Amino acid sequence: MIQDNLKYVEDKIKEACKRAGRNPREVTLIAVSKTKPVSMIKEAMDYGITDFGENKVQELCDKTEKIKEPLKWHMIGHLQRNKVKYIVDKAALIHSVDSWRLAEKISQEAEKKNIVCPILIEVNIAEEESKYGVRKEELLPLLEEISQLKGVQVKGLMTIAPFVENPQENRKYFRELHNLYIDIKSKNIDNVNMSELSMGMTGDYEAAIEEGATYVRVGTGIFGERNYTI
Ligand SMILES: *Cc1c(COP(=O)(O)O)cnc(C)c1O
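Quick caveat, the model's predicted, so the values are computed rather than measured. (Residues numbered from 1 in each chain as written. Predicted model: local features only at pLDDT ≥ 70, side-chain atom pairs only at ≥ 80, totals over all residues. Heavy atoms only, no water.)

## A short note on the pairing of strand S8 (residues 215-218)
Burial along S8 is two-sided: Tyr215 and Arg217 facing one way and Val216 and Val218 facing the other are all buried. Sheet topology places strand S1 (residues 28-32) next to S8; four bridges connect them, and they run parallel. Bridging from a neighbouring strand, Ile30 pairs with Arg217 of S8. (Buried < 20%, exposed > 50% of the residue type's maximum accessible area, 1.4 Å probe, protein only. Helix = DSSP H or I, 4+ residues; strand = E, 2+ residues; numbered from the N terminus. Pairing = 2+ DSSP bridges.)

## Thoughts on the layout of surface pockets
Here the largest pocket defines a volume of roughly 570 Å³. In terms of lining residues, the largest pocket is bounded by 25 residues, among which Phe163, Met201, Thr202, Thr220 and Arg226 are the most central. Residue composition of the lining of the largest pocket, grouped by class: 11 nonpolar, seven polar and seven charged. Taken as a whole, the second largest pocket spans an internal volume of roughly 200 Å³. Lining the second largest pocket, in full, are Glu10, Ile13, Lys14, Pro24, Val27, Thr28, Leu29, Gly48, Ile49, Thr50 and Asp51. Only helix H1 (2-20) and S1 provide two or more residues apiece to the lining of the second largest pocket. A per-class count over the lining of the second largest pocket returns five nonpolar, three polar and three charged. (1 Å grid on protein atoms, 1.4 Å probe; cavity = no way out; pocket = protein on both sides within 12 Å on 5 of 7 lines; lining within 4 Å. Points joined across faces, edges and corners; volume = space filled by probe spheres on them. Nonpolar A, V, L, I, M, F, W, Y, C, P; charged D, E, K, R; others polar.)

## Some remarks on the pattern of salt bridges
Oppositely charged side chains may form a pair once their charged atoms are brought near each other. Tallying each qualifying case throughout the model produces 17 salt bridges. One network of salt bridges, in which partners are shared, links Arg19, Arg171, Arg175, Glu206, Glu210 and Glu211. (Salt bridge = Lys/Arg side-chain N within 4 Å of Asp/Glu carboxyl O.)

## Looking at the packing of helix H6 (residues 136-146) against helix H7 (residues 171-185)
For the pair H6 and H7, interaxial distance at closest approach is 12 Å and the crossing angle is 30°. One way to sum up the angle between H6 and H7 is to call them roughly parallel. In this structure, H6 meets H7 at a crossing whose hand is right-handed. Taken together, the residues of H7 that come into contact with H6 (itself represented by Lys136, Leu139 and Leu143) are Glu176, Leu180 and Ile184. (Axes fitted to C-alpha atoms, helices over the stretch in contact; angles between N-to-C directions. Parallel < 35°, antiparallel > 145°, perpendicular 65-115°, else oblique. Left-handed = near helix turned anticlockwise from the far one by under 90°. Contact = heavy atoms within 4.5 Å.)

## Notes on the site of the ligand
The environment of the ligand is made up of Val32, Lys34, Ile76, Ile160, Met201, Thr202, Arg217, Val218, Gly219, Thr220 and Arg226. In this structure, an oxygen atom belonging to the ligand sits 2.6 Å away from a side-chain N or O atom of Lys34. Between the ligand and Arg217 there is a distance of 2.8 Å, counted from a nitrogen atom to a side-chain nitrogen or oxygen. Protein contact buries 89% of the 390 Å² of open area that the ligand shows by itself. Here the ligand occupies the largest pocket. Partitioning the shell around the ligand into residue classes produces five nonpolar, three polar and three charged. (Near = heavy atom within 4 Å. Polar contact = N/O pair within 3.5 Å; in protein donor to acceptor, adjacent residues only side chain to side chain. Areas by Shrake-Rupley, 256 points an atom, 1.4 Å probe, with all protein chains shown as cover. Sits in = over half its atoms within 2 Å of the grid points.)

## As for the packing of aromatic side chains
Tallied over the full model, the rule gives one aromatic pair. Considering the side-chain rings of Phe52 and Trp73, the 5.8 Å spacing of their centres and the 35° angle between planes classify their relative orientation as tilted. Here Trp73 lies in strand S3 (residues 72-75) and Phe52 lies in strand S2 (residues 51-54), a separation of 21 residues in the sequence. An identical accessibility class is assigned to Phe52 and Trp73; each is buried. (Phe/Tyr/Trp six-rings, centres within 6.5 Å; stacked < 30°, edge-to-face > 60°.)

## Describing H7
Here H7 spans 21 Å end to end across 15 residues, near enough to the 21 Å set by a 1.5 Å rise per residue. Among the residues of H7, those classed as buried are Arg171, Tyr173, Phe174, Leu177, Leu180, Tyr181 and Ile184. Of the surrounding elements, those touching the buried residues of H7 are H6, strand S6 (152-158), strand S7 (192-198) and helix H8 (205-210). (Expected span 1.5 Å × (residues − 1).)

## Comments concerning the pairing of S6
Within S6, five of the seven residues are buried, which leaves it mostly tucked inside the rest of the structure. Bridge count between strand S5 (residues 117-122) and S6: six bridges; the pairing is parallel. Across the sheet, the residue bridging to Glu122 is Met158, located in S6. With H6 bridging S5 and the parallel S6, this β-α-β connection has right-handed handedness. Here four bridges tie S6 to S7, and the two strands are oriented parallel to one another. Its bridge partner lying in S7, Met158 is registered against Ser198. Following the chain from S6 across H7 to the adjacent parallel S7, one finds a crossover that is right-handed. (Right-handed = clockwise from strand over helix to strand, strands pointing away.)

Keep in mind these numbers describe shape, not what the thing actually does.
Here it is as structure tokens:
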């Protein structure tokens, strides 16, 4: 079942790339495995998936403990400063950096371990009250500050678009984030690299790819509905 879903999602990714005149190699599928058991992750691994997304520090640590194969674990959830130390050397990319204080903490913990931690800045592009992420106006000053930190390397931007029935409604937000990304890229800020754009989930990843996503984060479309009560 999972492998059929993966095949379906990969086909949709290829079709979206084709429509947009993009090379499918530019788009990486992150299988969002939060709340799902190791057995399901193994099924996706057997299919060839190497990038997995988790939103809780504890769960990410448990899973890296149980699965020894070299996978890329993406931290996509809100991150508290006191938990950074547990994942700074386990996450291939932290997608959810939305403050100077969090970036500074990640940098400190990375320096302790002699590594440089790749991060994305989360932008609340639709300005939803309920969402984390920086406002558009805060992005450039924040990047200029973060560029001074030795233990982090900014790789790009991430957003979580609104929950909508019709994915076309989110296209304007994806386009807006892409424009911000291009804009910042052209400023050539030291230590700030704009090469990744993490946007699009089960409901809207095709539109996100058409608007320039390099990472799409798909959970339900691969592993089925999540049950938060167990
Ligand atoms: C859960 C989650 C996803 C995946 O959502 P689906 O709708 O199940 O594909 C993507 N991104 C983030 C940040 C998430 O927390």
